[in-house]
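Inside the fold
As a plain string of letters, each chain reads:
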Amino acid sequence: TYAAPSAMTSIGRTINHGILADNGKIYAAGDAGSSTVTIIDTYTDTRTTITAGVNLTTYAAFYSPITKMAYLPGAGNMVVIDTTNDTISGSVSNSAGGTYSFWWGTAYNGRYAYGSRWIGGTQVMIMDLFNGTMTNSAVTSYVGDPQNGTMGVNGKIYFGAGGDATSGIHCYNPFTDAMEYVTVPGQGNISDYYRDVVQHPNGYLYCFPAYGSSTIVKIDPRTNTAIIAATGVTDTRANNYAVGADGIIYT
């Protein structure tokens, strides 16, 4: 049972993306030009801020329960926040360069996190969370701009594509360090049709439509194949998804 919704005022600037740590706090940053990290304590519904010291362009933050660090992409670097004391632990320069990046979170081994340069070039980057270094993978380019995504139950990373002619939903295989694609039935080109991807507890992944599509795609990670799960979606351009405790996907 939920009470009436409430709102915390005076945040100061727009929050673009954040991540929930296991201390019950959300660490969030604004768009380009902001150096402010907003920390929301979900137990008390109170807000504090800290300064990152660099410009943030956070489109896909992630958290490691092993290092207890929250990771927020910055303008050409990764800002690291120590959630045990809410201080800036440092920053790591993007190995592929560029100002903007998407990050898809940590691998099941807990050590590595994966992301990609966004505007101005496509390049998969690998961050070693144990020693705070970042390197490039062997994947130096692929068709279509990377978007938000997630790691599937098979350990592969699925993410949407924008721009150019993309044959399928992107899939990066960290075991072989290679790109794979998931074909969408009836669509030879899915350029910017689908953005984010979410892993559901039922084992399947789901993509909602962005531009030019009205269908929801269901991906089977065992076979890297997809079917159309639902049609007639009228409110498109969905970018960020989350699975609720009720099993429903919210976007």
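This text follows the structure it describes.
In what follows, the accompanying structure is described. Bear in mind the structure is a predicted one, so any value in this text is a computation, not a measurement.

Within the element layout of this structure, Thr 36 appears in strand S3 (residues 34-41). Residue classification places Thr 36 among the partly exposed residues on the basis of a relative accessible area of 27%. Separated by 18 residues in the primary sequence, Thr 36 and Val 54 have C-alpha atoms spaced 8.8 Å apart. Apart from residues no more than four positions distant in its own chain, Thr 36 is found in contact with Ala 28, Ala 29, Gly 30, Thr 49, Ile 50 and Leu 56.

Quick look at the pairing of strand S15 (residues 169-173) now. Burial analysis of S15 places 5 of its 5 residues in the buried class, the great majority of the element. Burial of S15 is two-sided: the residues Ile 169, Cys 171 and Asn 173 facing one way and the residues His 170 and Tyr 172 facing the other way are all buried. Of the strand pairs in this sheet, strand S14 (residues 157-162) and S15 are connected by 3 bridges, and their pairing is antiparallel. Its bridge partner lying in S15, Tyr 158 is registered against Cys 171. Examined bridge by bridge, S15 and strand S16 (residues 178-182) share 5 bridges and lie antiparallel to one another.

This part takes up the nonpolar core. Of all hydrophobic cores here, the largest spans 16 residues; its most connected members are Trp 104, Tyr 114, Tyr 142, Ile 157, Phe 159 and Tyr 172. Elements with a contribution of two residues or more to this core: strand S9 (101-106), strand S11 (123-128) and S14. With 14 residues, the next largest nonpolar core counts Ala 21, Tyr 27, Ala 52 and Ile 81 among its residues.

What follows concerns the sheet that holds strand S2 (residues 25-29). Strand pairing in a sheet relies on backbone hydrogen bonds. The paired strands run either parallel or antiparallel. With respect to topology, 4 strands assemble into an open sheet ordered S1-S2-S3-S4, the strand pairing being antiparallel. Single-partner strands in this sheet number two, and they are strand S1 (17-20) and strand S4 (46-56). Neighbour to neighbour, the strand axes of the sheet diverge by 20° on average, direction disregarded. The sheet contact formed by S1 and S2 spans 4 bridges and is antiparallel.

What follows deals with the pattern of salt bridges. Counting across every chain of the model gives 6 salt bridges. We note a salt bridge from Lys 68 to Asp 22, for which the minimum N-O separation is 2.9 Å. Residue Lys 68 is found in the loop between strand S5 (62-64) and strand S6 (69-73), and its partner Asp 22 is found in the loop between S1 and S2; the two are separated by 46 residues along the sequence. Looking at Asp 22, the relative accessible area reads 46%, which means it is partly exposed. As a salt-bridge pair, Arg 222 and Asp 220 come within 2.8 Å of each other at their nearest N and O atoms. Taking the relative accessible area as the measure of exposure, Arg 222 reaches 66% and is therefore exposed.

The subject of this paragraph is the sheet that holds strand S8 (residues 87-93). Read from one edge to the other, the open sheet built from 4 strands follows the order S5-S6-S7-S8, with strand pairing classed as antiparallel. Edge positions in the sheet fall to S5 and S8, since each has one partner strand and no second. Strand-to-strand twist across the sheet, computed as the mean angle between neighbouring axes with direction ignored, equals 25°. Of the pairings in the sheet, the one linking S5 to S6 comprises 3 bridges and is antiparallel in character. In the strand pairing of S6, Ser 64 is matched with Met 69.

Structurally, Thr 57 is set in the loop between S4 and S5. A polar contact of 3.4 Å, which involves the side chain of Thr 57, links it to the backbone oxygen of Thr 99. Once you skip the residues sitting within four places of it in the chain, Thr 57 turns out to touch Gly 30, Asp 31, Ala 32, Pro 73, Gly 74, Ala 75, Thr 99 and Tyr 100.

The full count for this structure, using the stated rule, is 7 aromatic pairs. Ring geometry for Tyr 59 versus Phe 102: centroids 5.8 Å apart, planes at 40°, classification tilted. Linking Tyr 59 in the loop between S4 and S5 with Phe 102 in strand S9, this pair joins segments that are 43 residues apart in sequence. On the accessibility criterion, Tyr 59 (17% relative accessible area) is buried. For Phe 102, a relative accessible area of 5% corresponds to the buried category.

A word on unusual backbone geometry. Despite not being glycine, Asp 45 shows a phi value in the positive range, around 55°. In this fold, Asp 45 is placed in the loop between S3 and S4. When its relative accessible area of 45% is taken as the criterion, Asp 45 is described as partly exposed. If you check the backbone angles, Asn 224 has positive phi at about 55° while not being a glycine. Take Asn 224: it is sitting in the loop between strand S19 (216-220) and strand S20 (225-230). By relative accessible area, Asn 224 is classed as buried at 15%.

Basis of the calculations
- Residues numbered from 1 in each chain as written.
- Predicted model: local features only at pLDDT ≥ 70, side-chain atom pairs only at ≥ 80, totals over all residues.
- Heavy atoms only, no water.
- Helix = DSSP H or I, 4+ residues; strand = E, 2+ residues; numbered from the N terminus.
- Buried < 20%, exposed > 50% of the residue type's maximum accessible area, 1.4 Å probe, protein only.
- Contact = heavy atoms within 4.5 Å.
- Pairing = 2+ DSSP bridges.
- Core = buried A, V, L, I, M, F, W, Y, C linked by side-chain atoms within 4.5 Å.
- Axes fitted to C-alpha atoms, helices over the stretch in contact; angles between N-to-C directions.
- Salt bridge = Lys/Arg side-chain N within 4 Å of Asp/Glu carboxyl O.
- Polar contact = N/O pair within 3.5 Å; in protein donor to acceptor, adjacent residues only side chain to side chain.
- Phe/Tyr/Trp six-rings, centres within 6.5 Å; stacked < 30°, edge-to-face > 60°.

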